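Descriptive analysis of the structure
One letter stands for each residue in the lines below.
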Amino acid sequence: MTQLKMDDNDDVAIENNRFVWTVNNSDEEIRQRLIQNLKFFLGEWFLDKNEGLPYFQAVFVKGTPPEIIEAAFKDRIIGTNGVNDLQRFDPLDLNSATRKLTVDFDVRTINGNTLTINEVLP
């Protein structure tokens, strides 16, 4: 599933006045797909309100058990097209002062490679 490549600012990448595409099922595409899936809020997409992570429903809600939040992230990661399995998942790091959540994990892709993701969300 080839898709438009995103740059470091989450904008569509353009080179020489042309859109840049990812290579179908490459590790680069799988990495991009993972990060997009982790930034996708539940109910955000009008065509499927059940798609996304429950940020407003659980992650940002005071008192939600960390196990519930981590399970939602793990399900989203494992359900990403191109991911074979989750090899490592560090506890989520929530910085209350900056309201940033850091997720750090390794996955094995369908290509047999290991991808390490360390992303600050949302």
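Report on the accompanying structure. Keep in mind that what you see is a predicted model, and the values were worked out from it rather than measured.

Our next topic: the overall build of the protein. When its secondary structure is counted, the protein shows 3 helices and 6 strands. Listing every helix and strand of the protein by position from the N terminus yields β-β-α-α-α-β-β-β-β. Against the globule reference of 14 Å for 122 residues, the protein gives a C-alpha radius of gyration of 15 Å, in line with a compact fold. For the protein, the C-alpha atoms occupy an extent of roughly 50 × 30 × 30 Å along the three principal directions. For the protein, the residues scored as buried account for 38% of the 122 residues in total. Considering only intrachain contacts with a sequence separation of at least 6, the fraction spanning at least 24 residues in the protein is 36%. In the structure as shown, the protein presents an accessible area of about 7700 Å², 50% of it carried by carbon and sulfur atoms. Between the averaged position of the 13 positive side-chain charges in the protein and that of its 20 negative side-chain charges there is a distance of 3 Å.

Let's shift gears to the pairing of strand β6 (residues 114-121). With burial as the criterion, only one face of β6 is covered, namely that bearing L115, I117, E119 and L121; the residues T114, T116, N118 and V120 on the opposite face remain uncovered. As paired strands, strand β5 (residues 100-109) and β6 are joined by 8 bridges and run antiparallel to one another. Looking across to β6, one finds that L101 is bridged to L121. The antiparallel hairpin formed by β5 and β6 contains 4 residues in its connecting segment, where G112 sits at a positive phi of about 85°.

Looking now at the nonpolar core. L34, L38, F73, V103 and F105 are the most contacted members of the largest nonpolar core, which totals 22 residues. Looking at this core, the elements with two or more residues in it are α1 (27-38), α2 (55-59), α3 (66-78), β3 (83-89), β5 and β6. Each residue touching L34, except ones within four places of it in the same chain, is listed here: I77, T80, V83, F105, V107 and I117.

Residue N17 is not a glycine yet carries a positive backbone phi of 60°. Secondary-structure assignment places N17 in the loop between β1 (14-15) and β2 (18-19). Among the residues examined, N17 registers a relative accessible area of 79% and is labelled exposed.

With that settled, consider the packing of α1 against α3. Contact pair α1 / α3: the axes reach a minimum separation of 10 Å and the direction vectors enclose 145°. For the element pair α1 and α3, the recorded crossing hand is right-handed. Residues L34, N37 and L38 of α1 touch α3, and the partners they reach there are F73, R76 and I77. Considered class by class, the residues forming the contact of α1 with α3 number 4 nonpolar, 1 polar and 1 charged.

To continue, consider a nonpolar patch on the surface. Together, V12, I14, F19 and W21 make up a nonpolar patch on the protein surface, roughly 430 Å² of accessible area in all. One can find V12 in the segment before β1. On the accessibility criterion, V12 (33% relative accessible area) is partly exposed.

Taken as a whole and judged by the stated rule, the model has 7 salt bridges. The closest approach of N and O atoms between E119 and K39, which form a salt bridge, is 3.5 Å. Highlighted residues: E119 in strand β6 and K39 in the loop between α1 and α2, separated in sequence by 80 residues. Judged by its relative accessible area of 18%, E119 falls in the buried class. Judged by relative accessible area, K39 falls into the partly exposed class, the value being 23%. Between D90 and R88 there is a salt bridge whose closest N-O contact spans 2.7 Å. The class of D90 is partly exposed, set by a relative accessible area of 27%. Judged by its relative accessible area of 26%, R88 falls in the partly exposed class.

The rules behind each value
- Residues numbered from 1 in each chain as written.
- Predicted model: local features only at pLDDT ≥ 70, side-chain atom pairs only at ≥ 80, totals over all residues.
- Heavy atoms only, no water.
- Helix = DSSP H or I, 4+ residues; strand = E, 2+ residues; numbered from the N terminus.
- Rg over C-alpha atoms; globule rule 2.2 N^0.38 Å.
- Buried < 20%, exposed > 50% of the residue type's maximum accessible area, 1.4 Å probe, protein only.
- Contact = heavy atoms within 4.5 Å.
- Areas by Shrake-Rupley, 256 points an atom, 1.4 Å probe, with all protein chains shown as cover.
- Lys, Arg positive; Asp, Glu negative; His and termini not counted.
- Charge placed at Lys NZ, Arg CZ, Asp CG, Glu CD.
- Pairing = 2+ DSSP bridges.
- Core = buried A, V, L, I, M, F, W, Y, C linked by side-chain atoms within 4.5 Å.
- Axes fitted to C-alpha atoms, helices over the stretch in contact; angles between N-to-C directions.
- Left-handed = near helix turned anticlockwise from the far one by under 90°.
- Nonpolar A, V, L, I, M, F, W, Y, C, P; charged D, E, K, R; others polar.
- Patch = residues over 30% accessible without salt bridge, like charges linked within 9 Å, V, L, I, M, F, W, Y side chains within 5 Å.
- Salt bridge = Lys/Arg side-chain N within 4 Å of Asp/Glu carboxyl O.

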